[in-house]
Amino acid sequence: MTESYTLTVNEVAYSIVADAQRSLLSVIRGEVGLTGTKEGCDDSECGACMVLVDGRPVNSCSYLAVQAQGRAITTIEGLASGDALHVLQRNMLEEGGVQCGFCTPGMIMSAHALLDQNPDATEEDIRLGLAGNLCRCTGYAGIMKAVVRTAREGLSTDS
Amino acid sequence: MTFTLASSLEEALDAVAAGATPIAGGTDLVVAARGGRTPLPESLVAIDRIPGLDTVTTHEGGLRLGATVSHATIASHPDIVRYFAGLADGSALVGSPATRNVGTIGGNVMNASPAMDTGAPLVVLGASVELASVAGTRVVTVDDLWTAPGVTSASSDELCTAVLLPAQPENSASAYVRLEYRRAMEIAVVGAATRVVLDGDGAVTSVDLALTAVAPTILRVTALDVAGSSIAAAADAAREAASMQATPISDIRASDSYRRHTVGIMAGRAVEAAAGRAAGEQISVPVNRAFGIGAPA
């Protein structure tokens, strides 16, 4: 059955008319039109689809969009301000945490939620915080360096 | 498909009575529907906005966990970590941080998987669930709830509204450990939970033991009489009883004989962890990380 509801993505309200079975990932990409969030496994295993719902990381492939109404959704597009990259994005590039880039948005959203909740996250905290995000290219070392550096510099550091 | 966003328990119970399936985080229901494997039910009622259903409160000397309390909350709640550590061990191992944020105790219990990480801890802690319908509310022990893989004794018009944890004996503690091949997005290959009660001299008074993923439901080990024995002897007895009473299957993750052997190992380690906690040792949640069980970092 088609449902009509409002989704708030990156502080912008979108009127959605979509089948109630649609996943949040499918509605963000197909209806809202933000394609930074990726579909990897579509099975809650890989974390490429990670978005924040009320500040907490959620696998958007396995979360009904209709259940996200009234909540604050943040996607990778919500982090940069204008042309200035977010510190996590910049550190990913500078530390070699990006190769094909497909896992990067999800990786950054998980890292953002972790450092937002725990600014003093240790390397072990970061490994556990990113445990639901798979990367097939980098071997993770560059990603770890980027997030450890961001923890040291602070999440709100100006780019 | 019809979808209702319930704003009160009454609204949710009416919807369930009319045939709707409750959904909280959707980590089982929606994942199962991906790729068209198990289509979503015709009618869904979302229960994640019902006020008060996501709170942890004191109840008859123990705790009452509302059905939509998340695994993330359970794994870090000070009273759960302190008095019901085995349950925190289980919730801390579920899925990934994202799974633990949206996955709920009520959903986990009603999904009735024999591999659920909170199941064995709930059995040894003597937990019950509160089942509500438009006709009233009843309380059922978890032992009586799970009847087969994915099947419970709840009727189709009942909604799980809470999990009840009774007050625990003096000088006791619990622990849950599992065999895992990786540190996230893993399902228990096998697992074991225990509650160990010690006497004043450090000997064992009793051991409750339940096993994960070695039977059609979470399996409570019976006839484990270890009163008066040392912790090491109790761990040995737990190892032997677990391997003896398990009735595992072979599947893609492990053979039956491997499961039968390793569930004993897990049972012994769970006894050591719970006894350590009961004796005042600080063993952090989850035991899997504290003991270095499973895949290395």
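Attention in this report is confined to the structure presented alongside it. (Residues numbered from 1 in each chain as written. Chains lettered and ligands numbered in written order. Predicted model: local features only at pLDDT ≥ 70, side-chain atom pairs only at ≥ 80, totals over all residues. Heavy atoms only, no water.)

## Examining helix α5 (residues 141-153) of chain A
Residue and element names in this part refer to chain A. The end-to-end C-alpha distance of α5 is 18 Å, a good match for the 18 Å that 13 residues give at a rise of 1.5 Å each. What α5 keeps buried is the set Gly 142, Ile 143, Met 144, Ala 146, Val 147, Arg 149, Thr 150 and Ala 151. Check the buried side of α5 and you find it contacts α2 (87-94), α3 (104-117) and α4 (123-129). Looking at the residues trailing α5, positive phi occurs at Gly 154, about 100°. (Helix = DSSP H or I, 4+ residues; strand = E, 2+ residues; numbered from the N terminus. Expected span 1.5 Å × (residues − 1). Buried < 20%, exposed > 50% of the residue type's maximum accessible area, 1.4 Å probe, protein only. Contact = heavy atoms within 4.5 Å.)

## Points about the environment of A:Met144
Along the chain, the position of A:Met144 falls in helix α5. Once the C-alpha coordinates of A:Met144 and A:Glu39 are considered, the two residues, 105 residues apart in sequence, prove to be 22 Å apart.

## A short note on the sheet that holds strand β3 (residues 50-53) of chain A
All names here are of chain A. The 5 strands are arranged β2-β1-β5-β3-β4 in an open sheet whose pairing can be described as mixed. Of all strands in the sheet, those bounded by a partner on one side alone are β2 (12-19) and β4 (56-59). Mean inter-strand twist for the sheet, computed between neighbouring axes without regard to direction, equals 40°. Relative to β4, β3 runs antiparallel, the two being bridged by 4 bridges. When the sheet's bridge partners are listed, Val 53 is paired in β4 with Arg 56. Along the sheet face, helix α1 (residues 24-32) touches β1 (2-9), β2, β3 and β5 (72-74) and points at about 110° away from the line of β2. (Pairing = 2+ DSSP bridges. Axes fitted to C-alpha atoms, helices over the stretch in contact; angles between N-to-C directions.)

## Focus on unusual backbone geometry
Of note, the amide linkage connecting B:Val285 to B:Pro286 takes the cis form, showing an omega dihedral of -5°. Looking at where B:Pro286 falls in the secondary structure, it is placed in the loop between α11 (256-278) and α12 (287-290). Phi at A:Asp54 is positive, roughly 50°, even though this residue is not glycine. On the accessibility criterion, A:Asp54 (41% relative accessible area) is partly exposed.

## Examining the interface of chain B and chain A
Between chain B and chain A, the contact holds 29 residues from the first and 28 residues from the second. For the pair chain B and chain A, the summed buried surface comes to about 2500 Å²; carbon and sulfur atoms form 53% of the total. The largest share of the area that chain B buries against chain A comes from B:Met1, B:Phe3 and B:Arg34, three residues that together contribute 24% of it. Between chain B and chain A we count 3 salt bridges in total. Close ionic contact of B:Asp48 with A:Arg71 constitutes a salt bridge, the shortest N to O distance being 3.0 Å. The dominant element in the side of chain B that touches chain A, judged by the number of residues it contributes, is helix α6 (residues 97-102) of chain B, at 5 residues. (Buried area = accessible area lost by both parts, 1.4 Å probe. Salt bridge = Lys/Arg side-chain N within 4 Å of Asp/Glu carboxyl O.)

## Focus: the environment of B:Arg138
Residues and elements named next belong to chain B. Relative to the helices and strands, Arg 138 is located in strand β7 (residues 136-141). Take Arg 138: its relative accessible area is 35%, and that puts it in the partly exposed class. Arg 138 sits 16 residues away from Ala 154 along the chain, and the two C-alpha atoms are 10.0 Å apart. Apart from the residues within four sequence positions on either side, Arg 138 is in contact with Val 129, Glu 130, Leu 131, Ser 153, Ala 154, Ser 155 and Glu 158. One polar contact links the side chain of Arg 138 to the main-chain carbonyl oxygen of Ser 153, over a distance of 3.4 Å. (Polar contact = N/O pair within 3.5 Å; in protein donor to acceptor, adjacent residues only side chain to side chain.)

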